[in-house]
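Chains, contacts and geometry: an overview
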Amino acid sequence: MMKTLNLLSLLLVVFMSCKGDKSVKPDGEDQKKEEVVSIRKGSPFDINGRLKLAGTNIVNQKGAAIQLRGMSTHGLQYRGNCYNETSLNLLMHGWGIDVLRISMYIQEGGYEKDPVYFTKFVDDLVEKCYKEGVYALVDFHMLDPGDPNYNTERAKVFFEHMSKKHASKGNVIYEICNEPNNKQYEVTWPMIKNYADQIVPIIRNNDPQSIIIVGTPEHASRPDLVIGNKLAFENIMYTMHFYAADKWSANHQGRRMGYVSKAIANGVPVFVTEFGTQDGWGDGANDFVMSAKWMKFMEERKISWCNWNYSDSPLTGAAWKTGTCPNGPWSEENLKEAGKWIRTQLSTPVDNWTGNYLPWNWEYNLASGTGSGTSLTATSAVQVSESKVGTPGFLPYPAIGAARTVVAANAGAGFNLNNGVLTIGASNGAAPNKFSLYDIAGSSTLVNLSFKLSFNNSVSGTAILAIGGGDGNLFKANDAYSNSKQEGLFAAIRFLVGTNSSNAQYRYLDGSSYVHRSHDVDVFPRTSDLNFEVYCNNTGNPRVYKKDGVDYTLPAASFHMYVNGTAVKYSGSQNIASTGELLPYMPIDAFMVSGASSTGNTLNFSVSNIKIKSLIGN
């Protein structure tokens, strides 16, 4: 009987102490026992506090729209020894991350195998993030099987614990399903939503405010499929994952940028919780050029991101060389190329917590003297010269990007560089002499491109001005301008130079063919300098820019051009449609001029003062 009474008393005590108090801080004696943790002063969390959503943006405690930049761990069961005090201090203090994505695999030897161990592992990393003032993104990393409904019961237990234990901190973000997918059947958004509708209420019951991120179909790459069917909760975001070297289809990366832009335009907030500079396996060659385009794309839209991954995995996507964990040395020599690159992205530019956009400007200095010569003449063979930082060619190298010249075989003319002015002698045949700039990392989808062009009283030949994206062979290879489709081309002007005029014509798509149309009034004299300003909008929405104190609306996928201050008009309008050959939302980061078909090489034109300015936020 005494044993029975003692058992009943014990059960009563347990019941009273565990009856489901949902307050975020314990009361009475329990609160006195709670350890007081000081958050690192000046840290991301100290400055920004608990986050929430305003529209599609993450905003801080002052209401400013911000972007978080951070790293993802590898799977804790695979590379758990990489996350010790020394390595994390380097990541949080030295690299300056804003957010740590804690990737806890469910299968593959993870949570499913030992829930107690991995729950504590995540708890400890959350505590470390809190102390250091870094946001902790708790990733329920399901991959195989990727149907989140397979792990619903495990998720209920895990997120009940996480949200109850850490709700009061304010630095925790919950990612409830990593990459929805399945090898046997399609995992659709309604299937994912069914899972989320069961997990989100559990978190909200304990943590009513913090941001929750939900995976999207096709390995978390289709936030656009959420449009019109979002979850009925506040502060919910949706995932985008990308790997910059993937080329599954033509313009693969641009299409994915389009999915994100379409989602945001329709009110779907997006968080890039995982990306890499390699292929989708996190391995292979790094594509830092495409990665830089993604960086700019995310910066422009204040999309937060985490890079995969901070570990010493043997794959190229890991920041550290194999064998670095657990004891280091955590030195420059032990960083892989991906690690060096992402460390720079985390600190450049510096964190911007103001809600404003940082200005971006680029200028090509033709007078820098970093090239190998002042003239390049025609020979019997095609001559190609490229100039980049570290590998100069004929032309000075740009601070960002590459400069390229092509002299056609037996062209009869070439290039001359004098006092910062490049003169192009047009070839006497169909194959052009060509000058291009491309891969100008940091450029935008909304830019002002300015430059000076002069036809120097030329009398015969065809000159081409092209603007677009560096993925196009028109900019990066020897391809000649043609009337067929040319990938990466945003806008082009063809000049049929004669004895009386330059006869400028812009390129446009008419049905399935690319044709040219003359301007209304000739503002392109061949006898004087032409100062160009071209305002380009390669987004899906109208944008406003300011010129000489006046606001102008630039329609989606179009450009405005001014020559010596006068607006160029076609068919009565200065709204000139892009050619559509550069995929929407890809940055405008390439420029080309070429000359051909010049009888007696009588077309010699000059270019100088080439500048690009991002109009985002301006």
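The structure this text deals with has already been given above.
Throughout, residues of each chain are indexed from 1 in the direction in which the sequence is written. Two thresholds apply to this predicted model, a pLDDT of at least 70 for residue-level local features and 80 or more for giving and counting side-chain atom pairs, whereas whole-chain, interface and lining totals are computed over all residues. Water and hydrogen atoms were dropped before computing side-chain values, which therefore reflect all heavy atoms in the structure.

Details of unusual backbone geometry
- For the bond from Asp144 to Pro145, the omega torsion is 5 degrees, close enough to zero to count as cis.
- Note the cis peptide between Gly328 and Pro329, where omega equals 5 degrees.
- Secondary structure counts use DSSP, requiring at least four H or I residues in a row for a helix and at least two E residues in a row for a strand, with both numbered from the N terminus. By the secondary structure assignment, Pro329 is in the loop between strand S10 (305-310) and helix H12 (337-347).
- If you check the backbone angles, Glu108 has positive phi at about 60 degrees while not being a glycine.
- Along the chain, Glu108 falls in the loop between strand S4 (99-105) and helix H6 (115-132).
- The buried label applies to any residue whose accessible area, calculated with a 1.4 Å probe on protein chains only, is under 20% of its type's maximum; exposed applies above 50%, and partly exposed to all values in between. Judged by relative accessible area, Glu108 falls into the partly exposed class, the value being 34%.

Section: the nonpolar core
- For our purposes a nonpolar core is just a set of buried Ala, Val, Leu, Ile, Met, Phe, Trp, Tyr and Cys residues, chained together by side-chain atoms within 4.5 Å. If you look at the biggest cluster of nonpolar residues, it comprises 132 residues, and the most contacted ones within it are Ile176, Phe435, Phe495 and Phe524.
- The element contributing the most residues to this core is helix H8 (residues 189-206), with 7 residues.

A closer look at the packing of aromatic side chains
- A pair of aromatic rings is counted whenever rings of Phe, Tyr or Trp (Trp by its six-membered ring) have centres within 6.5 Å, and the orientation is called stacked for planes under 30 degrees apart, edge-to-face for over 60 and tilted otherwise. Per the stated rule, a full pass over the model turns up 37 aromatic pairs.
- Ring geometry for Tyr364 and Phe435: centres 6.4 Å apart, planes at 20 degrees, overall stacked. On the criterion of sequence distance, the pair formed by Tyr364 in strand S11 (residues 361-364) and Phe435 in strand S17 (residues 433-438) is long-range, its members being 71 residues apart.
- Phe435 gets classed as buried once you look at its relative accessible area, which sits at 0%.
- By way of ring pairs, the aromatic residues Trp362, Tyr364, Phe435, Phe451, Phe455, Phe495, Phe524, Phe532, Phe591 and Phe605 are connected into one cluster.

Let's talk about the packing of H6 against helix H7 (residues 152-166)
- Orientation of H6 relative to H7, taken along the N-to-C sense of each, is 30 degrees, at an axis distance of 11 Å. If you check the angle between H6 and H7, you find them roughly parallel. At the point where H6 passes H7, the crossing takes the right-handed sense. Counting all contacts with H6, which are made through Thr119, Val122, Asp123, Val126 and Glu127, the residues of H7 involved are Phe158, His161, Met162, Lys165 and His166. Each axis is a line fitted through C-alpha atoms, taken for helices only over the stretch in contact, and angles between the N-to-C directions span 0 to 180 degrees. We call two directions roughly parallel when the angle between them is under 35 degrees, roughly antiparallel when it is over 145, roughly perpendicular when it lies between 65 and 115, and oblique otherwise. Each crossing is labelled by how the near helix is turned from the far one, with a counterclockwise turn of less than a right angle marking it left-handed and a clockwise turn marking it right-handed. Residues are treated as being in contact if the distance between any of their heavy atoms lies within 4.5 Å.

A closer look at the state of the cysteines
- The definition used for a disulfide is geometric: two cysteine sulfur atoms within 2.5 Å. With the rule as written, the count across this model stands at 1 disulfide.
- Disulfide pairing is shown between Cys82 and Cys325; the S-S distance is 2.0 Å. Across the disulfide from Cys82 to Cys325, rotation about the S-S bond amounts to roughly 105 degrees, and the bridge is consequently right-handed. Of the two residues, Cys82 sits in the loop between helix H4 (76-79) and helix H5 (85-94) while Cys325 sits in the loop between S10 and H12, which places them 243 residues apart along the sequence. Each member of the pair, Cys82 together with Cys325, is buried.
- Free cysteine: Cys129, not disulfide-bonded; nearest cysteine sulfur from Cys306 at 10 Å.
- The class of Cys129 is buried, set by a relative accessible area of 0%.

Considerations on the environment of Thr374
- Position of Thr374 relative to the elements: it lies in the loop between S11 and strand S12 (375-376).
- Thr374 sits in the exposed class, given a relative accessible area of 51%.
- Along the primary structure Thr374 and Pro396 are separated by 22 residues, whereas in three dimensions their C-alpha atoms are 9.8 Å apart.

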